[in-house]
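Close look at the chain arrangement
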Amino acid sequence: MTWLSLMPAGSRAVVSALPGAHGLAKRMIALGLTPGAEVRVLQNRGRGPLLIEVHCARLALGWGQAAKVAVQPVAADEVAVASEACPGELSEEG
Amino acid sequence: MSEAVPPGAHDGSPAASLDDLSTRPLNIALAGQPNVGKSTVFNALTGLSQHVGNWAGKTVEKKTGRVVHEGRQIELVDLPGTYSLTSGSEDERVARDYLIMERPDVVLVILNAASLERNLYLVAELLALPYPLVIGLNMVDVAESHGLKVDAHVLEAALNVPVIELVATKGRGLSPLLDAALRFADQPESFKPNRPVVRAKHRPVLDQLDELLEGHSPEGYPPNWTALKLLEGDADMAALVKHDLPDRWPAIHDVLAQHDDAYIDIAGGRYDWIARMVRAAVVEPRRGVTAVTDRVDRVATHPFWGLAVLLAVLAALFGITYTVASPAAGALSGLVLGTFSDFLRSALAGAPGWVSGLLVDGIVAGAGTMLSVVPIMVVFFAVLGLLEDVGYLTRTAYVMDRYMHWIGLHGKSCVPLLLGFGCNVPAVLATRTIEERRSRILTMLLTPFMPCTGRLAVLVFLAPAFFGAYAPWALVGLIGGNLVVLALIGLTVNQLVFKGSRSAFIMEMPLYHVPNARTIGIYVWRNTWAFVKKAGTLIVIVSAIVWALSTYPGPQHSDSVLGILGRFLEPAGALVGLGDWRLIVALISSFVAKENSVATLGVLFESASSVGAAGASLATKVAAVLTPAAAVAFLVVQMTFIPCVATITAIRQETRSWGWAGVSIGLMLVVAFILGLIVYHVGSLF
């Protein structure tokens, strides 16, 4: 278990818990960031906002907010199985 | 139990009004998440027959349009783009109130085939309401170009909701979409969708809430839907129930308090349902395509290169506006103020002096000068519309996020501020996407510091006469300086008033897509037309009033009402180099509309001169009464002077407080005066 803010670019993780603040959690849910959803990290430079993909949509997420999302990393060899059909992805073979 | 009430379960459902369907226009609502091409669909369906107004009691823009399909009159209402109906933003409240109170005959939901799962979340929420839905699966061409194929028939079978493939940019699929809507309008009872189901864990709680409500609910709201929203922790609904059903509230509140995290589970259940619906429908999974978006974003969202791109884009925006539109504006101005004025003056030679004065020196000099800046508006809105349509504006939010934190805001505030370049009023309205009130108010206070096209028109009009060949550089300097001032004010206000607290940043970054000429065209047309209407009505009246107040009682302009007022303020104006009362009056008249400064200068300077002065020489005449330092000071003060009346009204409505509108006026007045002092006195040293 770790935090979304600590996931490097190119990694995948499954959301396990959302922030406790209801307002923020609700906005995350409406944008598809729900417990159980698989997230692909497109950009994370250690500070500044993250660029992620979840439910086939790209989101910008402040680093501070990403630090409140608990995730379970998905191992690299599971990626091929777990990946969904999303357009615009940079896949491993591409 | 099902999430929803069956159709017709409450009285007054669409079915009840079936008998008058042949006579009244059908009421069809257009719903969808942001970035699904909903406006393109709306524009394609309604063309220029659309009407833009406001939702009752709200400043949220309400777009409606008439469509005739198969001989039936349809009133199409474009609901605000919302991700859900539960998270409590102003847009969601508007969409929800409309659905509950106006009871549309059919709801058209537009989905983006390229982000189907997330888009279906709104469908899952809409299915809880008792209205027939028709799904428009838009951007199927874009999805296919990305190697993704959605089988509309399979999705339709899974949902048991009509799914029509659309390519709205090419007008494909629109007719079948309306066909399906008409079918349900005539037979709402034939709508029998598969609805999402609440997870087993929370069904007993939902039943318990239903029992506590005993079929009662706030007026207009279906009881089952009320129970569901309560369990989802919907604050608006809780307040409504507490107010309307005070006897039942304590027991309901107890139940809710024990399940305050149920909303996560309910949302999870909806995504489970979506996953089942989508599994069969997506027939061609990803084949390792490196999409344009990925490649562009590697540069456009890079901390350094992204910033460079943003600066280049802004430079291009102003560069194009200046090089393309300025000559056109100059030519038009010469035509209106020179040729047309001369013609009118000679045509009116026999009429009393005041008639010619009012028409030529008042209305034509004022409103005519205004119309000459129309090319600037057209070009500017075209480029801004293009940037928005392509999907670039949201990237600026991402790139600027880290810098916006310095002034206590986050990236989202960047989009309204950029829209402020066009017009401050929609910029103030665009702050609605910012959830926290504190950030929203700070953004609203900063918005009027964005140099809008009205102010830019004044700059572009006067700069060539003031700065000669250096005009483009002067403009860059003034606009750049304006943005620096904006940042400093943000920094100060945030530290002093809001104590530097921070807020959350989360927003969608849509895939880039090919711009649609029609969408941009309508954007340009609407904004420019609003401006021309203003020039044709408000500015004509103000020009006439300015002319009258600057002519009477006379005999000299300086003895007129405005002359006396202006001269009374001259000592204050002199401090910032504006010792000429006409400049002070021009500034004051910018309160009505920023571009009015030019119109007022037109009236005051044109009528003072002899017959047949061309527009270009108006700027020269203004330049002649100012020292270089005073000329810069005038432009600086003009750019930061109090917001126009439309912006103030928007701030008042959005904050629901005259207080913040007053703060905005006071803040800008003080800033304009201080900047004028600094610029004039420092400038005079050289």
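For the structure itself, consult the block above.
Reading guide: rules and limits
- Residues numbered from 1 in each chain as written.
- Chains lettered and ligands numbered in written order.
- Predicted model: local features only at pLDDT ≥ 70, side-chain atom pairs only at ≥ 80, totals over all residues.
- Heavy atoms only, no water.
- 1 Å grid on protein atoms, 1.4 Å probe; cavity = no way out; pocket = protein on both sides within 12 Å on 5 of 7 lines; lining within 4 Å.
- Points joined across faces, edges and corners; volume = space filled by probe spheres on them.
- Helix = DSSP H or I, 4+ residues; strand = E, 2+ residues; numbered from the N terminus.
- Nonpolar A, V, L, I, M, F, W, Y, C, P; charged D, E, K, R; others polar.
- Buried < 20%, exposed > 50% of the residue type's maximum accessible area, 1.4 Å probe, protein only.
- Pairing = 2+ DSSP bridges.
- Salt bridge = Lys/Arg side-chain N within 4 Å of Asp/Glu carboxyl O.
- Arc of directions from axis to C-beta.
- Contact = heavy atoms within 4.5 Å.
- Polar contact = N/O pair within 3.5 Å; in protein donor to acceptor, adjacent residues only side chain to side chain.

**Considerations on the layout of surface pockets**
Residues and elements named next belong to chain B. One number sums up the size of the second largest pocket: a volume of about 990 Å³. Lining the second largest pocket are 33 residues, and of these Leu311, Leu314, Phe421, Gly480 and Leu483 lie nearest its centre. Elements supplying a minimum of two residues to the lining of the second largest pocket: helix H13 (305-347), helix H15 (374-390), helix H16 (392-404), helix H17 (414-419), helix H20 (453-467) and helix H21 (471-496). No other element matches H21, which puts 10 residues into the lining of the second largest pocket. Per-class residue counts for the lining of the second largest pocket are 30 nonpolar, 3 polar and no charged.

**Details of the pairing of strand E5 (residues 57-61) of chain A**
With 5 of its 5 residues buried, E5 of chain A lies for the most part within the structure. Of the two faces of E5 of chain A, the one holding Ala57, Leu59 and Leu61 of chain A and the one holding Arg58 and Ala60 of chain A are both buried throughout. Bridging between strand E4 (residues 50-54) of chain A and E5 of chain A involves 5 bridges; their strand directions are antiparallel. Its bridge partner lying in E5 of chain A, Leu50 of chain A is registered against Leu61 of chain A. By the bridge criterion, 3 bridges tie E5 of chain A to strand E10 (residues 506-508) of chain B in an arrangement that is antiparallel. Paired with Ala60 of chain A across the two strands is Met507 of chain B, which belongs to E10 of chain B.

**Remarks on the pattern of salt bridges**
Tallied over the entire structure, the rule returns 25 salt bridges over all chains. Between Arg96 of chain B and Asp234 of chain B there is a salt bridge, with the nearest N and O atoms lying 2.4 Å from each other. Placement of the pair is Arg96 of chain B in helix H2 (residues 90-102) and Asp234 of chain B in the loop between helix H8 (223-231) and helix H9 (235-244), with a sequence separation of 138 residues. By relative accessible area, Arg96 of chain B is classed as buried at 6%. On the basis of relative accessible area, Asp234 of chain B is assigned to the buried category, the value being 3%. Among the salt bridges present, the one from Arg567 of chain B reaches Asp559 of chain B, with a minimum N-O distance of 3.9 Å. In this structure, a network of salt bridges that share partners links the residues Arg58 of chain A together with Asp294, Asp297 and Arg395 of chain B.

**Considerations on H9 of chain B**
Note on helix geometry: an α-helix contains 3.6 residues per turn, so any two residues three or four positions apart are oriented the same way. Residue and element names in this part refer to chain B. Regarding H9, the residues found buried are Met237, Ala238 and Val241. Along the axis of H9, the buried residues cluster in a sector spanning 100°; they form a single face. Every exposed residue of H9 that faces more than 90 degrees away from the buried side is listed here: Ala235, Lys242 and His243. In this structure, the buried side of H9 is in contact with H2, H8 and helix H10 (249-258). N-cap assignment for H9: the residue whose side-chain oxygen lies 3.0 Å from the backbone N of Asp236 is Asp234.

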